[in-house]
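# Architecture at a glance
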Amino acid sequence: MTVASWNINSVRFRLDIVERFLREHAPDVLCLQETKVIDNDFPHAAFEALGYTYRLLNGQKMHHGVAMLSKLPLIEDRRYDWQDNGEARHIGARLPNGLLVENVYVPAGGDIPDTAKNPKFAQKLAFLERMTRWSANLREPTLIVGDFNIAPLESDVWSHKALLDVVSHTPIEVEHLARLAAAHDWVDLGRRFVPAPQRLYTWWSYRAADWKASDRGRRLDHIWASPAIADKATRFEIVEDARNWGKPSDHIPQLVELAL
DNA sequence: ATGACGCTCAAAGAGCGA
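Here is what the cut-offs are and how they apply
- Residues numbered from 1 in each chain as written.
- Chains lettered and ligands numbered in written order.
- Predicted model: local features only at pLDDT ≥ 70, side-chain atom pairs only at ≥ 80, totals over all residues.
- Heavy atoms only, no water.
- Near = heavy atom within 4 Å.
- Polar contact = N/O pair within 3.5 Å; in protein donor to acceptor, adjacent residues only side chain to side chain.
- Nonpolar A, V, L, I, M, F, W, Y, C, P; charged D, E, K, R; others polar.
- Phe/Tyr/Trp six-rings, centres within 6.5 Å; stacked < 30°, edge-to-face > 60°.
- Salt bridge = Lys/Arg side-chain N within 4 Å of Asp/Glu carboxyl O.
- Helix = DSSP H or I, 4+ residues; strand = E, 2+ residues; numbered from the N terminus.
- Buried < 20%, exposed > 50% of the residue type's maximum accessible area, 1.4 Å probe, protein only.
- Pairing = 2+ DSSP bridges.
- Axes fitted to C-alpha atoms, helices over the stretch in contact; angles between N-to-C directions.
- Contact = heavy atoms within 4.5 Å.
- UniProt positions renumbered as here; feature names shortened; annotations may be inferred.
- Core = buried A, V, L, I, M, F, W, Y, C linked by side-chain atoms within 4.5 Å.

Another aspect to go through is the protein's contact with DNA strand B. In the vicinity of DNA strand B lie 23 residues, with S10, F13, E34, Y105 and R207 positioned nearest. Put simply, 63% of the atoms of DNA strand B that lie within 4 Å of the protein are in sugar or phosphate. A distance of 3.5 Å separates a phosphate oxygen of DNA strand B from a polar side-chain atom of K61. Between a sugar or linking oxygen of DNA strand B and a main-chain N or O atom of Y206, the distance comes to 3.3 Å. Here the surface near DNA strand B is composed, by residue class, of seven nonpolar, seven polar and nine charged.

In this structure the tally under the stated criterion is 11 aromatic pairs. Linked through ring pairs, W6, F21 and W245 together constitute an aromatic cluster.

On to the pattern of salt bridges, then. Scanning all chains against the criterion turns up 17 salt bridges. Here R219 makes a salt bridge to D188, at a shortest N to O gap of 2.8 Å. Note that R219 is positioned in the loop between β11 (217-218) and β12 (221-225) and D188 in strand β9 (residues 187-188), a separation of 31 residues in sequence. Here R219 falls in the buried class, since its relative accessible area comes to 1%.

As a further point, take the sheet that holds strand β3 (residues 54-58). Two orientations exist for strands paired in a sheet by backbone hydrogen bonds: parallel and antiparallel. Spatially, β3-β4-β2-β1-β14-β13 is the arrangement adopted by the six strands of the open sheet, whose pairing is mixed. Taken across any chain shown, the strands that pair with only one partner, and hence form the sheet edges, are β3 and β13 (233-238). On average, each strand axis in the sheet is tilted by 10° relative to the strand beside it, whichever way the strands run. Bridge count between β3 and strand β4 (residues 66-70): five bridges; the pairing is antiparallel. Each bridged residue has a counterpart across the sheet, and for L56 the counterpart in β4 is M68. Of the strands in this sheet, β1 (2-7), β2 (29-33), β13 and β14 (254-258) touch helix α1 (residues 15-25), which is tilted by about 160° from β1.

Let's shift gears to the environment of A181. For A181, the position within the fold is in helix α5 (residues 171-184). For the pair A181 and S135, spaced 46 residues apart in sequence, the C-alpha to C-alpha distance is 8.3 Å.

This part is about the UniProt feature "site: Transition state stabilizer" (unreviewed entry) in chain A. Taking the UniProt record as the reference, the feature "site: Transition state stabilizer" (unreviewed entry) is found at N149. Setting aside chain neighbours within four positions, we find N149 in contact with Y105, V106, P107, A108, K124, S168, E173 and L220.

So, on to the UniProt feature "domain: Endonuclease/exonuclease/phosphatase" (unreviewed entry) in chain A. Here, the residues flagged by UniProt with the feature "domain: Endonuclease/exonuclease/phosphatase" (unreviewed entry) are residues 4-251. Structurally, residues 4-251 comprises 27% helix and 23% strand, and the distance from its first C-alpha atom to its last is 13 Å.

In terms of nonpolar packing, the biggest core is built from 28 residues, with V3, M68, L99, L143 and L189 touching the most fellow members. Those residues in contact with L99, other than ones at most four positions away along the chain, are M1, A93, R94, P141, T142, L143, I229, L258 and L260. Membership of the second largest hydrophobic core comes to 21 residues, among which are L32, V37, F42 and V239.

A separate point is the pairing of β4. Counting buried residues in β4 gives five out of five residues, a clear majority hidden from the surface. Alternating residues of β4 divide into V66, M68 and S70 and A67 and L69, and every residue in both groups is buried.

The phi torsion of most residues other than glycine is negative, and most of the peptide bonds are trans. Backbone torsion omega between A196 and P197 reads 5°, so that peptide bond is classified as cis. Here P197 lies in the loop between α6 (189-193) and β10 (203-204). Its identity is not glycine, yet N9 carries a phi of approximately 50°, on the positive side. Assignment of secondary structure puts N9 in the loop between β1 and α1. Take N9: its relative accessible area is 12%, and that puts it in the buried class. With a phi close to 55°, E34 is a non-glycine residue in the positive phi region. When you line up the elements, E34 lands in the loop between β2 and α2 (44-49).

Strand order in the open sheet made by the six strands is β5-β6-β7-β8-β12-β9, with mixed pairing throughout. The two strands at the open ends of the sheet, each matched to only one other strand, are β5 (75-79) and β9. Lying on the sheet, helix α3 (residues 119-136) is in contact with β6 (90-94), β7 (100-105) and β8 (142-147); it crosses β7 at an angle near 170°.

Right under this line is the structure:
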């Protein structure tokens, strides 16, 4: 089975490229972040037509929002609000084979990497801390995917030096992400298949004149597996070409195949 | 150092992304 993840930056505005991705890659499950739509306005019909019969939504007006679209039944759905502020950032479900899939959109954290000056940065770290406590108690094989908004390794960014003080690659965020990983011994499947320091990015800013030429990318999106199932992963793929599709998202989709 | 872009909506520019 394959599970994909994509920060789509408005599912309605980019419905055509989501459909293209599903036709060309046909994952069993697609986890979307930044759907930017309330549940009542979610474009169900397009996904129903492509066989994604099972849909789990956690949307809100204007910002954030996550969704899972699946060919397989989604059972035991759950949602988490790690900030306790009503933001729609995390849903999960169990698949018929027992696997838990969690889909998360970690807060970006604002501009200034200082918790005293920037409440959003403090919220981002608190979000990760709550996820860490949850991870520590997790006993079942789980795949967690999404936009973590942190590029942890030096080779996860176009310039480690230039981004050391830029939110997404600061040492304190990297430490928080490492503690989250350690709490469940999460296995970073992206780096298992594409070991550092090989180039592996999932996001390029809209603000570059030519994203490909400047290639100032960051690996903000991740797929992690419980240690018990990490060895079941047989394939990992990013679809970098999608950064050029139509009106593109600034993130690209990634997929993992599991022999479960 | 700055600003570059793009999406949403109380509909023009503010708020947000990262």
